[in-house]
Amino acid sequence: MEPSPYLIRLSRIARWRLPPKEAADVISDYSEIMAIDPRLYEDQCKDYGTPKQAVKQLTTFADYGRWMAVFLVLAACLAAPAAWLLLQFPHFQFELPREALFLPLLLGVILSLVWFRYEGERSRELPIGLVPQLLLLLALGVCVMFLAGICFSPALLELSGTASPGSAGFAVHLLLCGVCALCVLAGMAGLVRARLGDRRWVGVYLLGLTVLLNTLFLLSVLHNMALDIAGDTWWVPYAQRMGLLAAAGVIGTGVALC
Amino acid sequence: MLKKDLLELCLLQLLEGGDRYGYELLRQLHAAFPDTQESTVYAILRGLCRQGHTEHYRGESSGGPARKYYRLTCAGQVRREELLTQWRMLCAALVQMGVK
């Protein structure tokens, strides 16, 4: 039997506001009630209250407050670096403390893995759409690393003297900003879906965060005004740090999928 | 005594009469208190369960799927007595003030 619109809305709100076990219990109870009393959505709202009102009455401040705090921290790990990018548009005159990019990654990986390990649910089958989204983000990440490789290569530096560095740089900048926007959207959607359904969606959040931070790292290197690129190996510390960011994020994503 | 306590007393009293399934309890209380939404009654019922005043089990229904039945626990009986005492005191106080 098709679930009623009331039950669909109530399930969504219950999964968002209540701990997973309690949400499952409430949804099961309301499914039983709706099966005995199938009526129009409006009539059900009149007797039961709107789905939001119904769930609100079951919400305990401590449980919901804890989840909201975790959600805000995890969302900030994604949004704060992206906001930094947005705030500097279009000049990029500020120097990004690149080591600071490790902080949101570490916080995002540890907090999301610990929280969803205890407060998340895992179905037997892999959620539909999870693998394509992970592959898309992985492809974006590989593209960013590839672009970093091109930017760091001495051949390109030599070429930039003869080609049109201004327009190429602007195109790369726009491309990287687009990648950042996509990562934020995918990451936020992954976080929300991890709460509403299978906890393995947190893998999308973590991979989105990893690609975002690596992209920001590359952007900050490209806008770097420091004069440390005189030697042949100037790019090595940058590449190492990008590799570290990527490795930490990919390992975190792998753990999230287990 | 708040309205919530009154609803709690009614639920415990209904369960004192025998085990009932959720929908039955919600309908009976909604019929007695039409201005109270059934979700409010459900929230109180869950609260009673959480506090150990009631417990539930899966029971057979005639011709349909198994239903969740609620029953009163010993702690629930003590709580019912407490609420009943409060209710009687409230009634006595109201009568003393001339409210009939």
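Residues numbered from 1 in each chain as written. Chains lettered and ligands numbered in written order. Predicted model: local features only at pLDDT ≥ 70, side-chain atom pairs only at ≥ 80, totals over all residues.

Peer 1: So what about helix H6 (residues 102-119) of chain A? Which residues, and what values?
Peer 2: Residues and elements named next belong to chain A. Given a rise of 1.5 Å per residue, 18 residues ought to cover 26 Å, and the 25 Å separating the end C-alpha atoms of H6 matches this to within 8%. For H6, the complete set of buried residues consists of Pro104, Leu105, Gly108, Val109, Ser112, Trp115 and Phe116. Taken end-on, H6 shows its buried residues confined to a sector of 165 degrees, consistent with a single buried face. Exposed residues pointing more than 90 degrees away from the buried face of H6 are listed as Ile110, Val114 and Tyr118. (Helix = DSSP H or I, 4+ residues; strand = E, 2+ residues; numbered from the N terminus. Expected span 1.5 Å × (residues − 1). Buried ≥ 20, exposed ≤ 12 C-beta atoms within 10 Å, placed from the backbone. Arc of directions from axis to C-beta.)

Peer 1: Go over the sheet that holds strand S3 (residues 64-72) of chain B with me, naming the residues and quoting the values.
Peer 2: Residue and element names in this part refer to chain B. The strand order across the open sheet built from three strands is S1-S3-S2, with neighbouring strands paired in antiparallel fashion. One side of each edge strand has no neighbouring strand; the edge strands of this open sheet are strand S1 (20-21) and strand S2 (54-61). By the bridge criterion, two bridges tie S1 to S3 in an arrangement that is antiparallel. Within the sheet, the bridge partner assigned to arginine 20 lies in S3 and is tyrosine 70. Along the sheet, helix H1 (residues 3-16) makes contact with S1, S2 and S3, crossing S3 at roughly 110 degrees. (Pairing = 2+ DSSP bridges. Contact = placed C-beta atoms within 7 Å. Axes fitted to C-alpha atoms, helices over the stretch in contact; angles between N-to-C directions.)

Peer 1: Go over the interface of chain B and chain A with me, naming the residues and quoting the values.
Peer 2: Taken residue by residue, the interface counts eleven residues in chain B and twelve residues in chain A. Of all the elements in the fold, those that place two or more residues in the side of chain B that touches chain A are helix H2 (22-32), helix H3 (38-50) and S3 of chain B. When residues of the side of chain B that touches chain A are assigned to their parent elements, the largest contribution, five residues, is made by H3(B).

Peer 1: I'd like to hear about the domain arrangement of chain A, residue by residue, with values.
Peer 2: Residue and element names in this part refer to chain A. Domains assigned within chain A are domain 1 (5-56) and domain 2 (67-257). Among the elements that make up the side of domain 1 that touches domain 2, the one with the highest residue count is helix H1 (residues 5-17) (three residues). Tallied by class, the residues present in the side of domain 1 that touches domain 2 amount to three nonpolar, no polar and two charged. (Domains from an automatic or database assignment. Nonpolar A, V, L, I, M, F, W, Y, C, P; charged D, E, K, R; others polar.)

Peer 1: Help me get a handle on H1(B), residues and values and all.
Peer 2: Residue and element names in this part refer to chain B. Here H1 is 14 residues long and its end C-alpha atoms lie 20 Å apart, about the 20 Å a rise of 1.5 Å per residue gives. Along H1, the residues that are buried comprise Glu8, Leu11, Leu12 and Leu15. Taken around the axis of H1, the buried residues stretch over an arc of 95 degrees, which confines them to a single face. Structural note: H1 exposes Lys3 and Glu16 on the side pointing more than 90 degrees away from its buried face. Residues of H1 that are buried sit in contact with S1, H2, H3, S2, S3 and helix H4 (74-96). At the C-terminal side of H1, glycine 18 shows a positive phi close to 140 degrees.

Peer 1: Just give me the short version of the packing of helix H7 (residues 130-152) of chain A against helix H11 (residues 236-257) of chain A, but keep the residues and values in it.
Peer 2: All names here are of chain A. Contact pair H7 / H11: the axes reach a minimum separation of 11 Å and the direction vectors enclose 175 degrees. Classified by the angle between their axes, H7 and H11 sit roughly antiparallel to one another. Between H7, through Gly141, Met145, Ala148 and Phe152, and H11, the contact on the second element is made entirely by Tyr238, Ala239, Met242 and Ala246. Tallied by class, the residues present in the contact of H7 with H11 amount to seven nonpolar, one polar and no charged. (Parallel < 35°, antiparallel > 145°, perpendicular 65-115°, else oblique.)

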